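# Survey of secondary and tertiary structure
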Amino acid sequence: MIREITPTTTPEQLRAELAAFLADPYPTYRQMRDQTPLEYVFLPPGIAPGIDEPMRAWALMKFSDVYNALRDHETFSSARNPLVAKGIFPPLVLILDDPPRHTRFRRLVNKAFTLRRVEALQPWIARVAHQLLDEIGSGEVDIVRSYTIPLPIRVIAHLLGIPEEDRDTFKRWSDTFISSLVSIPLEQRMKNTQEMVEYFGRMAAARRAHGADDLITALVEADIEGESLQDWEILGFCILLLIAGNETTTNLIGNMLNILVDRPELWQQLREDRSLVEPVIEETLRYESPVQQLSRVTTREVVLSGVTIPEGAMVSVFFGAANRDPQEFPDPDEFRLDRDLRNHVAFGMGIHYCLGAPLARAEAQITLNAFLDRFPRLTRGTAPAVRQTTSPIVYGFQQLPLVLHPREQRYAFSH
Amino acid sequence: MRLVIDRSKCRKTGQCAYLHPELFRTDTDGSPIVRVEHPGEELRAAAEEAVELCPSGAIALEE
Ligand code: HEM
Ligand code: SF4
């Protein structure tokens, strides 16, 4: 995927190469990391209107380059994304913003996602987790469809105050949004965005008329230094939560279960010692980062690892590659619990550090504890596990069949 | 009132210095440094907000 695109490269070839890279990007990272920062073809010509030339970007794969770029938001802008200028991406609040607007908005929404707020939400999340597991029962199940997708969607819908029956539509919007341009054409994406805007517009209007105890009401009523939020900011934030909070968490939980199903001894250890739950989640975040890459644009010429990147250049920040850099994590391709697990960049770093990190961690923790309580053993199902290969941003499973082995029932039959 | 950072929990995200530059700054290696170790009453609200916003629960305000 990271190579020159020649005039003879067919769209089919490109699609196949991209799918192979997305299903397992780690060999590519290993091979390329030492040569980065390196310019590569980010999007091929003709993929969308307005992209007539190959769009290039500088790949960052070393931990130090990634960390430094994320911490230097003045040089590495999130707002100047050319995909927004070309109308391919809507101008999302917060994540595609720079200070001072980012600062003002982040201050406001932080309050709804603090560690303390998440702690208060935990009993509710645990109830939903156990409800989903009650519905599943035991035996072979595609855990993606029946658990890892529905849990985060229910949580975000609950926070926003969205009716449960709209959940499937939610999932479709979110999938389309993060998919690559190679797999879903621009026209369909625009229609998707339009639908989201109309939907959340109706929601916001309803909350203006009748407030409720939810995030949309809080946004509608927010007062920042005498100013209220504009409609597009509220809609933009709802859309952001939908896409930033769902698939990411789905993939964290799926990746974690996929790692554990092949480590029955660790499963036993976890059942006996729950202090290992946290390191397992953090090492999963490092080892198979749910968010693999996002973009920045340079606001000035800058030198990283001795390489000069010009002003106005697009930069791909590979979180997933940084988290496997042997300079930072010895034996990076091994899943180990004895590392300093505070250092990974799976939730980013700096001003855009994931707003939902405490929430995502809580969902993973509740899930792992619930599985450990219920299932003494976990094995693979007969159907194959399939990685998703449509989105270049996220890393996780499209299908992950598992067999959930229930506790032995001890009935006392008297004859 | 004393503002302290638990280094064993801190993940060097930079959120504290970004949102409360009046209380924290960032060292060259990315670590946060408390700028005002003993904030006065006028900074109490800001300090309490900083305690809340840290995603790692690393900031504490000791009375
Ligand atoms: C395991 C799950 C998750 C992962 C791996 C993840 C990852 C990330 C990353 C890497 C960023 C930084 C983006 C950048 O630097 O440009 C980010 C930002 C963000 N995330 Fe998450 N995320 C997860 C879950 C969530 C959840 C559950 C929410 C919902 C509350 C959420 C909301 C956000 C928001 C709003 C931002 C933008 C923050 C800003 O720009 O200031 N994320 N996330
Ligand atoms: S916000 Fe918390 S984790 Fe981030 S740098 Fe400050 S003290 Fe460390």
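See the structure shown above.
Below you will find a few notes about this structure. (Residues numbered from 1 in each chain as written. Chains lettered and ligands numbered in written order. Predicted model: local features only at pLDDT ≥ 70, side-chain atom pairs only at ≥ 80, totals over all residues. Heavy atoms only, no water.)

With that settled, the discussion passes to the nonpolar core. Residues and elements named next belong to chain A. Core analysis: the biggest nonpolar cluster contains 114 residues, and Ile-143, Tyr-147, Phe-200, Phe-237 and Phe-371 have the highest contact counts within it. The greatest single-element share of this core, amounting to 10 residues, is contributed by helix H17 (residues 357–374). Leaving out residues up to four positions away in the same chain, Tyr-147 has contacts with Ala-129, Leu-132, Leu-133, Ile-136, Pro-152, Ile-253, Thr-367 and Phe-371. (Core = buried A, V, L, I, M, F, W, Y, C linked by side-chain atoms within 4.5 Å. Buried < 20%, exposed > 50% of the residue type's maximum accessible area, 1.4 Å probe, protein only. Helix = DSSP H or I, 4+ residues; strand = E, 2+ residues; numbered from the N terminus. Contact = heavy atoms within 4.5 Å.)

What follows is about the coordination of the iron atom of ligand 1. Within the protein, just one atom coordinates the iron atom of ligand 1: A:Cys354 (SG), at a distance of 2.3 Å. In this structure, A:Cys354 sits in the loop between helix H16 (319–322) and H17. (Donors = N, O, S within 2.8 Å, 3.2 Å for Na, K, Ca; no water.)

Our focus in this paragraph is unusual backbone geometry. Residue and element names in this part refer to chain A. The omega torsion of the bond from Thr-36 to Pro-37 falls at 0°, within 30 degrees of zero and hence cis. Note that Pro-37 resides in the loop between helix H2 (26–32) and strand S1 (38–43). Look at the link from Pro-99 to Pro-100: it is a cis peptide, with omega at 5°. In this fold, Pro-100 is placed in the loop between helix H4 (82–85) and helix H5 (101–110). Even without a glycine there, the phi angle at Leu-94 is positive, about 65°.

Okay, the layout of surface pockets next. What the largest pocket holds in volume is close to 590 Å³. In this structure, the largest pocket is lined by 21 residues; those nearest its centre are A:Glu278, A:Glu282, A:Arg361, B:Arg11 and B:Ser56. For the lining of the largest pocket, the elements supplying multiple residues, two or more each, are helix H6 (115–136), helix H15 (277–287) and H17 of chain A. (1 Å grid on protein atoms, 1.4 Å probe; cavity = no way out; pocket = protein on both sides within 12 Å on 5 of 7 lines; lining within 4 Å. Points joined across faces, edges and corners; volume = space filled by probe spheres on them.)

The subject of this paragraph is the interface of chain B and chain A. Each partner contributes residues to the interface: chain B has 21 residues there, and chain A has 22 residues. The junction of chain B with chain A conceals about 1700 Å² of combined surface from both sides, 47% of it contributed by carbon and sulfur atoms. Broken down residue by residue, the surface that chain B buries against chain A is led by B:Arg11, B:Tyr18 and B:Glu52, which jointly contribute 40%. Our count for the contact surface shared by chain B and chain A stands at 3 salt bridges. Between A:Glu282 and B:Arg11 there is a salt bridge, with its nearest N and O atoms 4.0 Å apart. Taken together, the links from chain B to chain A amount to 12 residue pairs in polar contact (both at pLDDT 80 or more). Put simply, the parts of the chain that give the side of chain B that touches chain A at least two residues each are helix H1 (15–19) and helix H2 (44–53) of chain B. (Buried area = accessible area lost by both parts, 1.4 Å probe. Salt bridge = Lys/Arg side-chain N within 4 Å of Asp/Glu carboxyl O. Polar contact = N/O pair within 3.5 Å; in protein donor to acceptor, adjacent residues only side chain to side chain.)

The subject of this paragraph is the packing of aromatic side chains. Residue and element names in this part refer to chain A. Under the definition given, this model contains 16 aromatic pairs over all chains. Taking 6.1 Å as the distance between ring centres and 85° as the angle between the ring planes, the aromatic pair formed by Phe-21 and Tyr-29 counts as edge-to-face. A relative accessible area of 4% means that Phe-21 is categorised as buried. For the ring pair Tyr-287 and Phe-335, a centre distance of 5.7 Å and an interplane angle of 80° mean the geometry is edge-to-face. With a gap of 48 residues between them, Tyr-287 in helix H15 and Phe-335 in the loop between H16 and H17 connect regions that are remote in the sequence. Like Phe-335, Tyr-287 is buried. Among the aromatic side chains, those forming a connected cluster through ring pairs are Phe-21, Tyr-26, Tyr-29, Tyr-40, Phe-42, Phe-318 and Tyr-395. The residue whose ring lies beneath Arg-286 is Phe-329, and the NZ or CZ to ring-centre distance is 5.3 Å. Stacked on the ring of Tyr-287, the Lys or Arg Arg-324 has its end atom at 4.2 Å from the ring centre. (Phe/Tyr/Trp six-rings, centres within 6.5 Å; stacked < 30°, edge-to-face > 60°. Lys NZ or Arg CZ within 6 Å of the ring centre and 35° of its normal.)

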